[in-house]
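So you can see what is in the structure, the chains are spelled out below.
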Amino acid sequence: MDVLRQILLVLHIVGIGSLLGGFLTQMSGLRTGAVRVVPAMTHGALTMLVTGAALVAVVQSGLDRDVDNAKIGTKMVILLAILLLVWGNRTRDRVSVSVFGAIGALTVANIAIAVMWT
Ligand code: HEM
């Protein structure tokens, strides 16, 4: 079961890479406002949700410990906000700089929560 948790955690990190990486590819356009939500961001956000939910199931049912419900709940709420923003804007040619900045800030906030909340 621990191998399954490790595999899911690797995919969870791949999801972060895709979400944040997609955001970073657009940053050069921030000055001109020519930024858009790229598929790597929607796919990354969905990967975070699916692997995160699977991690909760594996850790709670297969391993002899609980997850930190407050931490996971906070990450979940923030990720749902990210998903609303990326999904709702995925077909637009341009996204407002404030919406785009919010996606990046929420993503970095979730990384900080994952690492610093002990
Ligand atoms: C952008 C959003 C997210 C980021 C950046 C993120 C990041 C991380 C990182 C870096 C870890 C490894 C460190 C740790 O064990 O805490 C982790 C673990 C984990 N994440 Fe996430 N996560 C996100 C969203 C989610 C969501 C939405 C869920 C639940 C639905 C979730 C569930 C979990 C679980 C269960 C673990 C393993 C915790 C444990 O072994 O006790 N994550 N996440």
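Residues numbered from 1 in each chain as written. Predicted model: local features only at pLDDT ≥ 70, side-chain atom pairs only at ≥ 80, totals over all residues. Heavy atoms only, no water.

### Let's talk about the site of the ligand
The environment of the ligand is formed by 18 residues, the closest being His-12, Arg-65, Lys-71, Lys-75 and Asn-110. Between His-12 and the ligand, the recorded distance is 2.8 Å, taken from a side-chain N or O atom to a nitrogen atom. The side chain of Lys-75 places a nitrogen or oxygen atom 2.6 Å from a nitrogen atom of the ligand. At a threshold of 2 Å from the grid points, most atoms of the ligand map onto the largest pocket. (Near = heavy atom within 4 Å. Polar contact = N/O pair within 3.5 Å; in protein donor to acceptor, adjacent residues only side chain to side chain. 1 Å grid on protein atoms, 1.4 Å probe; cavity = no way out; pocket = protein on both sides within 12 Å on 5 of 7 lines; lining within 4 Å. Sits in = over half its atoms within 2 Å of the grid points.)

### Topic: the coordination of the iron atom of the ligand
All of the protein donors around the iron atom of the ligand are His-12 (NE2) and Lys-75 (NZ); their distances to the metal are 2.0 to 2.1 Å. Angles of 79 to 178° at the metal separate the six donor atoms of the iron atom of the ligand, which places the site in the octahedral class. Residue His-12 is located in helix 1 (residues 2–26), and its partner Lys-75 is located in helix 3 (residues 69–88); the two are separated by 63 residues in the primary sequence. On the basis of relative accessible area, His-12 is assigned to the buried category, the value being 11%. (Donors = N, O, S within 2.8 Å, 3.2 Å for Na, K, Ca; no water. Tetrahedral: all angles 85-135°; square planar, octahedral: opposite > 155°, others 65-115°. Helix = DSSP H or I, 4+ residues; strand = E, 2+ residues; numbered from the N terminus. Buried < 20%, exposed > 50% of the residue type's maximum accessible area, 1.4 Å probe, protein only.)

### Side note on the packing of helix 1 against helix 4 (residues 97–116)
How two helices sit against one another is set out by the angle between their axes and by the gap between those axes. The N-to-C vectors of helix 1 and helix 4 enclose an angle of 145°; their axes lie 10 Å apart at closest approach. In this structure, helix 1 meets helix 4 at a crossing whose hand is left-handed. Note on element contacts: helix 4 touches helix 1 through Phe-100, Gly-104, Thr-107, Val-108 and Ile-111, opposite Ile-16, Leu-19, Leu-20, Phe-23 and Gln-26. Class assignment for the residues of the contact of helix 1 with helix 4 results in seven nonpolar, three polar and no charged. (Axes fitted to C-alpha atoms, helices over the stretch in contact; angles between N-to-C directions. Left-handed = near helix turned anticlockwise from the far one by under 90°. Contact = heavy atoms within 4.5 Å. Nonpolar A, V, L, I, M, F, W, Y, C, P; charged D, E, K, R; others polar.)

### Side note on the packing of helix 2 (residues 39–62) against helix 3
Close contact between helix 2 and helix 3 brings their axes to 10 Å; oriented N to C, the two are set at 155°. Taken together, the axis directions place helix 2 and helix 3 in an arrangement best described as roughly antiparallel. In this structure, helix 2 meets helix 3 at a crossing whose hand is left-handed. Note on element contacts: helix 3 touches helix 2 through Ile-72, Met-76, Leu-79, Ile-82, Leu-83, Val-86 and Trp-87, opposite Met-41, Thr-42, Ala-45, Leu-46, Met-48, Leu-49 and Val-56. Classifying every residue of the contact of helix 2 with helix 3 gives 13 nonpolar, one polar and no charged. (Parallel < 35°, antiparallel > 145°, perpendicular 65-115°, else oblique.)

### Comments concerning the confidence of the model for the protein
With 100% of its residues at a pLDDT of 70 or more, the protein has an overall mean of 95. Across the protein, helix 3 holds the top mean pLDDT of 98, while helix 2 sits lowest at 95. (pLDDT = per-residue confidence, 0-100.)

### Some words on the layout of surface pockets
The calculated volume of the largest pocket comes to roughly 710 Å³. Among the elements of the structure, helix 1, helix 2, helix 3 and helix 4 are those that each provide at least two residues to the lining of the largest pocket. Sorting elements by how many residues they give to the lining of the largest pocket places helix 2 first, with seven residues. Class assignment of the residues belonging to the lining of the largest pocket gives a composition of 19 nonpolar, five polar and six charged. (Points joined across faces, edges and corners; volume = space filled by probe spheres on them.)

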